[in-house]
Amino acid sequence: MSSYLSLSDCSDSASGIGMLDTPHYPRRKKTVIAEGLVNEDPLYRKEILFVRSEKNNSATLGWTTDLWLAKSPHRVLIYSRHVQLLTKGRFFWSADQYVPRALALYTDPNLLLVLRPPLNISEVKESLNIPDELDLSSKQTDSPLTDLYWVAERVIDLHTCKFRLSQLTTPTSVVVPSDAGGGGAVSENDEGPIADCRRETCFELINPSESVLISAVVISPSVMVKDGDNNSVEEAIYSGKSAISVTTWWESAITKAICAAHTPFHIDEKNGASSD
């Protein structure tokens, strides 16, 4: 089985993944319980903001908060979950790092959003057009303002995206070594088998501008042994049933979403007519 998703997989005659005329996504659930992993919905009672800065325009494909809100009557959230983003080291001697993020899959528009927490309250104010001099500390809120939002760090257009499956679900998937940064090195917090197991959970989203490596396996702090050696615990979770289940779900959902993005017309099974 190929580790890439190609357009031939979207045709009626394609073998392997295949696609129905009308895409069927995995059913939307508030949470998918996976033992030992973080299962909270990251978008529960939270909104998404787009920061207006020149350096982020290319990463977010020109999307703004106003444009995102204008699409709210039409867009459909398929799923969201806490993930880990594999980032390259800042310097050539620096190791690669896994940083906490959230991943959200949408249709209409067909986008995949990589989300990060706001850096500070000023960033939230800027995105919401709130004057800096306005003091919000007196407002009676259950959570700080920064805890009510996610910031879109990357916007991935599924029309121009290729997808490489993880080695966890597809052993034949080829792992491409890092071409910059740490030269393929992993976080200084990872050692030996743990680093290999975590890397195998990463699937890759290949875009015209960059490739993004994401692991949907985020270990819950509650399973870690206090002041103990957690290496064996982490290794078991990264290669265990929960990791396989969550990774397979995401790979299936993204695969179907890419196929749907490249299949703008389908046959309506009810009346046999062609429609958008």
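Attention in this report is confined to the structure presented alongside it. Since the structure is predicted, the reported quantities are computational estimates derived from the model, not experimental observations.

1. Quick notes on the packing of aromatic side chains
Here comes step 1: Throughout the structure, instances matching the rule amount to seven aromatic pairs.
Here comes step 2: The interplanar angle of 55 degrees and the centroid separation of 5.6 Å between the aromatic rings of F50 and W68 together place this pair among those described as tilted. Of the two residues, F50 sits in the loop between β1 (47–49) and α1 (65–70) while W68 sits in helix α1, which places them 18 residues apart along the sequence. Comparing F50 with W68 shows no difference in burial state: the two are buried.
Here comes step 3: Ring plane angle 45 degrees and centroid distance 4.5 Å describe the contact between Y79 and W249, whose orientation is recorded as tilted. Residue Y79 is found in strand β2 (residues 76–87), and its partner W249 is found in helix α5 (residues 241–261); the two are separated by 170 residues along the sequence.
Here comes step 4: Chaining the aromatic ring pairs together yields one cluster made of F50, W63, W68 and Y106.

2. What to know about α5
Here comes step 1: Helix length check: α5, at 21 residues, gives a terminal C-alpha distance of 30 Å against a target of 30 Å (1.5 Å per residue), a fit within 8%.
Here comes step 2: α5 sits mainly inside the fold: 15 of its 21 residues count as buried.

3. Focus: the pairing of strand β3 (residues 97–107)
Here comes step 1: Counting buried positions along β3 yields eight of 11 residues, so the element is predominantly enclosed.
Here comes step 2: Connecting β3 to the antiparallel partner strand β4 (residues 111–116) that follows it, the hairpin turn spans three residues, and D108 within it adopts a positive phi of roughly 55 degrees.

4. Looking at empty space enclosed by the protein
By rolling a water-sized probe across the atoms, one finds the places where empty space is left.
Here comes step 1: In this structure the tally under the stated criterion is three cavities of 30 Å³ or more.
Here comes step 2: Each pocket or cavity is described by its volume, and for the largest cavity that value is around 60 Å³.
Here comes step 3: Broken down by element, the lining of the largest cavity gets its largest block of residues, three residues, from strand β7 (residues 202–206).
Here comes step 4: For the lining of the largest cavity, a count of residues per class yields six nonpolar, three polar and three charged.

5. Thoughts on unusual backbone geometry
Here comes step 1: Residue P109 is reached from D108 by a cis peptide bond, and omega for that bond is 10 degrees.
Here comes step 2: Although it is not a glycine, N129 sits at a positive phi angle of roughly 60 degrees.
Here comes step 3: Inspection of the secondary structure assignment puts N129 in the loop between α2 (121–127) and β5 (149–157).
Here comes step 4: Relative accessible area serves as the criterion here: at 53%, N129 is assigned to the exposed category.

6. A short note on the pattern of salt bridges
Here comes step 1: Under the counting rule described, the total for this entry stands at five salt bridges.
Here comes step 2: Close ionic contact of E210 with R154 constitutes a salt bridge, the shortest N to O distance being 2.8 Å. Here E210, found in the loop between β7 and β8 (211–215), pairs with R154, found in strand β5; they are 56 residues apart in sequence, far enough to count as distant.
Here comes step 3: Each of R101, E153, R154 and E210 takes part in a single network of salt bridges with overlapping partners.

7. Structural notes on the side chain of E204
Here comes step 1: By the secondary structure assignment, E204 is in strand β7.
Here comes step 2: Exposure remark for E204: the relative accessible area of 10% places this residue in the buried category.
Here comes step 3: One polar contact links E204 to S211, side chain to side chain, over a distance of 3.4 Å.
Here comes step 4: Residues contacting E204, with those up to four places away along its chain left out, are K162, F163, R164, S211, V212 and L213.

8. Description of the nonpolar core
Side chains that are nonpolar tend, in soluble globular proteins, to be buried together.
Here comes step 1: Judged by nonpolar contacts, the single largest core of 35 residues is most densely connected at L112, L205, I214 and W250.
Here comes step 2: Only β2, β3, β4, β7, β8, α4 (231–238) and α5 provide two or more residues apiece to this core.
Here comes step 3: Top contributing element to this core by residue count: α5, with nine residues.
Here comes step 4: Other than its neighbours up to four places away in sequence, I214 contacts V83, Q84, L85, L103, V114, T201, C202, F203 and L205.
Here comes step 5: Ranked by size, the runner-up nonpolar core spans 14 residues in total, among them L43, A102, L111 and V155.

Quick notes on the rules
Residues numbered from 1 in each chain as written. Predicted model: local features only at pLDDT ≥ 70, side-chain atom pairs only at ≥ 80, totals over all residues. Heavy atoms only, no water. Phe/Tyr/Trp six-rings, centres within 6.5 Å; stacked < 30°, edge-to-face > 60°. Helix = DSSP H or I, 4+ residues; strand = E, 2+ residues; numbered from the N terminus. Buried < 20%, exposed > 50% of the residue type's maximum accessible area, 1.4 Å probe, protein only. Expected span 1.5 Å × (residues − 1). Pairing = 2+ DSSP bridges. 1 Å grid on protein atoms, 1.4 Å probe; cavity = no way out; pocket = protein on both sides within 12 Å on 5 of 7 lines; lining within 4 Å. Points joined across faces, edges and corners; volume = space filled by probe spheres on them. Nonpolar A, V, L, I, M, F, W, Y, C, P; charged D, E, K, R; others polar. Salt bridge = Lys/Arg side-chain N within 4 Å of Asp/Glu carboxyl O. Polar contact = N/O pair within 3.5 Å; in protein donor to acceptor, adjacent residues only side chain to side chain. Contact = heavy atoms within 4.5 Å. Core = buried A, V, L, I, M, F, W, Y, C linked by side-chain atoms within 4.5 Å.

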